[in-house]
Amino acid sequence: MTLQELVARATSLHSDRAAVWFDECTGKPPAFYTYATVVELARELTAFLQKYCDQQGKCEIGLYCYPGINLPSWILGILQVPAAYSPVDPDAPPTLSTYFMKKTNLQYILVENDKINKFRMSHVGCFSHDSSTIEHIGLTLFQMSSSNTDLNSQVDDTKSKCEPFKAVGNSQPEYTVCPDQTEVKTSEGGSMDVRQRDTLAYVLHTSGTTGIPKIVRVPHKCVVPNIQHLNSIFEITQEDVLFLASPLTFDPSVVELFMALTSGASILIVPNTIKMMPVELSAALFHHHRVTVLQATPTLLRRFGAHIIKSTVLSANTSLRVLALGGEAFPVLSLLKSWKHKENKTSIFNLYGITEVSSWATCYKIPEEVFSADFRTDFPIPLGSPLLGTKVEVRDTNGSAVLEGEGQIFIGGEERICFLDDEITVPLGTMRETGDFVRVQNGNLFFLGRKDNQIKRHGKRFNIECLQQAAEDLCQVEACAVTWYQQEKLILFVLPKDDLKERETLKELQKHLPAYAVPDEIIVIKALPLTSHGKVDISELNKIYQNHLNSRRRDSKLSDAEELWERLQYLWKSVLGLLGDSTEISKDAVFLYSGGDSLKALRFYGEIEMLVGKAVPGLLEVILSRSIEEVYRHILKMLITNEDQVMNPDNVVKRKFDPNSGEEFHGKYIKLTSEIALEVTSGLIPFIALSRGNHFFPVNFTKSFMKPKNTVQVGVEMLQQPSFQHSKAPSIMKSHTQGYEMGERILTVTNKANKNDCSSVQQIHAECGHVTMAELALSVRWKSNTRKCVDASPLVVIPSKEEVSASVYVGSHSRAMQAVDLDLGEIKWEKTLGDRIESSACVSKCGNFVVVGCYDGLVYVLQSSDGEIQWTFVTEDTVKSSGVVDPSSGLVYIGSHDQHVYALDIYKKACVWKSHCEGGAVFSSPCLSSFPHHLYVATLGGLLLAVNPLC
């Protein structure tokens, strides 16, 4: 039985009933279609697609649209071809949509007529159309351009083409899927084949929040049991009105849509903007249309706010008969009880499942008695029983079944199977790993949290969701979320119920949680940011916290040493919980003897660094072992380099840290002497690059190297560099002196030839001395607005050709990568990447490309001249690491949060090798040395590795 067959059966019984309502919520009467109209429009679309689409083998057709009155007809029309529908979100980042369409090798896509310009702008050159339009249905058919049919191969560089995909089977053999294979052999049992004409219903991709998005092809046989069983559990009838709460790219939307259309009920659709407006949405759902069944994520429900939930959603006279919550951890019972009116009759269900085995796997109905006043509030909510055709197992780390205790959930079934990425056939009965951990107790499964949310903090491993549950249990918290910010700080974001006091909330949490689970900071927010799937958007929360840090840094500027002493005392009392104590702190007070411990010391340390706006080396050791006076003096030494000005707290002199204070600064004169191995390599653009850490990367430059005006490099000690291709050019490496013009001043820079006649590792030393040439002065020549935070370091590339201007390349959190003219400050080009940029760019050996990592998991290779994307390489997680170029081979080495370091040949557009770094994300930038020829890589797991860059 297919989805369209179930709808046809319902239509024969309910042809004149309203199948779909669309309410724009603008005061106009809502539009509706009967079942007969929906099916008639679907038949027209089916005939159109059968005429224009080549249906050889399996057929998948994209659907680029917003939800509207025609949506059910569009989906049915595609299914009846027969073909699988593949929703593409117009609001998704174009990079993600392009990845999805290329990865699925999507040949056809139906575009809503008023979205054609948006589609063309987002996917320039990828698709073409020949005026194949159905006006009254409102769709235009696009076909992938012939020049782009092999573009999907570019996306697959994440994995080696013959790397096997291993599935966890229930007593099934492992099997291998390669993109080039036409069939997959299994030694026993039957299998399901993706190539069968009527197998697939729809194609989605996972959200990518835990790594690279996976393509999920869903057969009818996998999702139809969900529809049938949930219709039975929720007792759906022709009198029900269901709400399409989920976006089309989130698989619960299939359940919402087809539970209604297969039972004679109605589905209500509203514009996406209304879903973000709690008052308007609640009015539409519960006053105008009397919705009876709502399936949503807990976060989406919280969006209504406690007042609307109490007064409308779960009130005594609500129209809502069924509330099914899934996609996230179920709310704690105390919070749910506070929402639900004592006379409310709504049945509440806990749903659990994963997109990889679409859609729901288990269901549990909350017993009515748990909502009684005398029932214990710490009652845990189980995941419930498996749905029709679904098998659920819990296994330990060795793969053994867990009957009591903790383990990971695996989901599958004889025909509850989806095809992931490039799978062609999958053995019947395959079980999929979920990444979710549960506790098995008396035959019930209790959710503990995701594998990805397990962190190790202060030597203890725990799941951050235990903090969220504890916070939700507090009476002053309406909603909350937790992030492990940069794998360093545990941040609790709280939507307050009443007048929340952060310090009191922290004390409450300390009563219920072990010390290692208490958050470092509580941030009060006005609303929880959501992803398109209605889940908490962790990346947005991290941005909120980053903005909070930036604001604190701006506000925490110290005016003088006296203020430092006063604020240090305040922080001391604050961290130790002594703010109510008016007693003055003794200068001899030691932190650990005053009620502190190692965790509080870390917090005190963080607060101080935030106060002074920079790192204070050695501070933590001073906090743990010395007095507050010595802590103060240690900080002041870092702020004031003149030892004579470090005052005793008893006799603090108000020395202003003010650039306009009129204090005289005696500058030093600096002479630079460099010994650089010069070389000439044919075919390379001569240039010098200066990047983070003052790395100096010269390629193919000679004594005629350009003399930029108003440019000077002083007072830096260059780090060790690799050899710049072993070449012997003694005739070129003659001593020469270049004068860098500075208005009417000259700063002498001397280059000495390498006496050894080879390009071995060199160091450029800054020799400080008093030279009567010029006094250096700082001034702002130009500024470039990147619109958001800049964590990346700029890359400066200076070509030797005078007609080619030097450039500064830098990316920011705004997703923009800029190339700025070094002399003029004018933007040469700007390119918007898929997500924010914290990686610092590096320049290719040839000088024609800049390479930069991105939060979307991609490494971008951009044309240095115009910013056009030459190639993208897909890793399996965020890329914050900065690349380094091997001057001998031209390979680019770069790390990723997927715990790998990669060697990329950007000219062949290939990954030469990747190496797992034994645990811990690679945030740092690799460092390359020539003798020995090692690539050094550090990880957030605390390891430093020396890797052979040749293999």
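Definitions and cut-offs
Residues numbered from 1 in each chain as written. Predicted model: local features only at pLDDT ≥ 70, side-chain atom pairs only at ≥ 80, totals over all residues. Heavy atoms only, no water. Patch = residues over 30% accessible without salt bridge, like charges linked within 9 Å, V, L, I, M, F, W, Y side chains within 5 Å. Areas by Shrake-Rupley, 256 points an atom, 1.4 Å probe, with all protein chains shown as cover. Salt bridge = Lys/Arg side-chain N within 4 Å of Asp/Glu carboxyl O. Buried < 20%, exposed > 50% of the residue type's maximum accessible area, 1.4 Å probe, protein only. Phe/Tyr/Trp six-rings, centres within 6.5 Å; stacked < 30°, edge-to-face > 60°. Lys NZ or Arg CZ within 6 Å of the ring centre and 35° of its normal. Helix = DSSP H or I, 4+ residues; strand = E, 2+ residues; numbered from the N terminus. Polar contact = N/O pair within 3.5 Å; in protein donor to acceptor, adjacent residues only side chain to side chain. Contact = heavy atoms within 4.5 Å. Pairing = 2+ DSSP bridges. Axes fitted to C-alpha atoms, helices over the stretch in contact; angles between N-to-C directions. pLDDT = per-residue confidence, 0-100. Core = buried A, V, L, I, M, F, W, Y, C linked by side-chain atoms within 4.5 Å.

### Overview of a nonpolar patch on the surface
(1) Moving on: On the surface, Leu-592, Tyr-593 and Leu-624 cluster together into a nonpolar patch covering about 330 Å² of accessible area.
(2) Moving on: A residue is classified by how much of its surface remains accessible, and Tyr-593, at 76% relative accessible area, is exposed.

### Quick word on the packing of aromatic side chains
(1) Moving on: Taken as a whole and judged by the stated rule, the model has 19 aromatic pairs.
(2) Moving on: On the basis of an interplanar angle of 55° and a centroid distance of 5.6 Å, the ring pair of Phe-119 and Phe-127 is categorised as tilted. For the pair shown, Phe-119 and Phe-127 are each scored as buried.
(3) Moving on: Here the aromatic residues Tyr-64, Phe-119, Phe-127 and Phe-142 are joined through ring pairs into a cluster of three or more.
(4) Moving on: One Lys or Arg, Lys-340, reaches over the ring of Phe-371 and ends 4.8 Å from the middle of that ring.
(5) Moving on: Cation over ring: Lys-880 sits above Phe-923, and NZ or CZ is 5.0 Å from the ring centre.

### With respect to the side chain of Glu-256
(1) Moving on: Examined against the element boundaries, Glu-256 turns out to sit in helix α8 (residues 252-261).
(2) Moving on: At a separation of 2.9 Å, a polar atom in the side chain of Glu-256 contacts the side chain of Ser-246.
(3) Moving on: Not counting the four nearest positions on each side in its chain, Glu-256 is found in contact with Leu-242, Phe-243, Leu-244, Ala-245, Ser-246, Ile-267 and Gln-295.

### Things to note about the pairing of strand β44 (residues 869-874)
(1) Moving on: Of the strand pairs in this sheet, strand β43 (residues 858-863) and β44 are connected by 5 bridges, and their pairing is antiparallel. Residue pairing for β44: Tyr-860 is matched across the bridge by Thr-872.

### Comments concerning the sheet that holds strand β29 (residues 489-496)
Backbone-to-backbone hydrogen bonds pair the strands of a sheet. The strands run either parallel or antiparallel.
(1) Moving on: Reading across the sheet, the 3 strands line up as β28-β29-β30 and stay open at both edges, with mixed pairing between neighbours. This sheet does not close on itself; its edge strands, each paired only once, are β28 (477-485) and β30 (521-524). Strand-to-strand twist in this sheet, taken as the mean axis angle between neighbours without regard to direction, amounts to 25°.
(2) Moving on: When β28 meets β29, the two strands line up antiparallel, connected through 8 bridges. Among the inter-strand pairings, Thr-483 is bridged to a residue of β29, identified as Ile-491.

### Re the pattern of salt bridges
Side chains that differ in sign of charge can pair as their charged atoms come close.
(1) Moving on: Taken as a whole and judged by the stated rule, the model has 20 salt bridges.
(2) Moving on: Put simply, Arg-217 and Glu-60 hold a salt bridge, and the shortest N to O gap is 2.7 Å. Placement of Arg-217 in strand β12 (residues 215-219) and of Glu-60 in strand β3 (residues 60-64) is noted, with a sequence separation of 157 residues between them. Comparing Arg-217 with Glu-60, the two get one shared label, buried.
(3) Moving on: Put simply, Arg-432 and Glu-423 hold a salt bridge, and the shortest N to O gap is 2.8 Å. Each of the two residues, Arg-432 as well as Glu-423, counts as buried.

### Section: the sheet that holds strand β49 (residues 927-929)
(1) Moving on: Pairing in this open sheet of 3 strands is antiparallel, and the strands run β49-β50-β51 from one edge to the other. In this open sheet, the two strands that pair with only one neighbour each are β49 and β51 (944-947). Strand after strand, the sheet turns through a mean of 25° between neighbouring axes, direction not considered.
(2) Moving on: Sheet analysis places β49 next to strand β50 (residues 934-938), joined by 3 bridges and oriented antiparallel. The partner of Cys-927 across the bridge, within β50, is Tyr-936.

### Considerations on unusual backbone geometry
(1) Moving on: Cis geometry marks the peptide bond from Val-81 to Pro-82; its omega dihedral reads 5°.
(2) Moving on: Of note, Pro-82 is situated in the loop between α3 (71-79) and β4 (84-88).
(3) Moving on: For the peptide bond that leads from Ser-358 to Ser-359, omega is 0°, which places it in the cis range.
(4) Moving on: Topologically, Ser-359 is positioned in the loop between β17 (347-352) and β18 (362-365).
(5) Moving on: Not every positive phi belongs to a glycine, and Asp-421 is a case in point at roughly 50°.
(6) Moving on: In this fold, Asp-421 is placed in the loop between β22 (419-420) and β23 (425-427).
(7) Moving on: A residue is classified by how much of its surface remains accessible, and Asp-421, at 14% relative accessible area, is buried.
(8) Moving on: Residue Arg-787 is not a glycine yet carries a positive backbone phi of 80°.
(9) Moving on: Within the secondary structure, Arg-787 is located in the loop between β36 (765-768) and β37 (795-799).

### Here's the deal with the confidence of the model for the protein
Low pLDDT marks stretches whose predicted atomic positions should not be read closely.
(1) Moving on: Confidence along the protein averages 79 in pLDDT terms, with 79% of residues attaining 70 or more.
(2) Moving on: For the stretch residues 653-683, pLDDT sits under 50, and the model shows 80 contacts to residues farther than four places along the chain or on other chains.
(3) Moving on: When the criterion is pLDDT under 50, residues 702-774 qualifies, and its contacts beyond four places in sequence or with other chains add up to 156 contacts.

### Comments concerning the nonpolar core
(1) Moving on: By size, the foremost hydrophobic cluster in this structure holds 71 residues, and its most contacted members are Leu-49, Leu-110 and Phe-258.
(2) Moving on: Formed by 36 residues, the second largest nonpolar core is a distinct cluster that contains Val-241, Leu-268, Leu-336 and Tyr-364.

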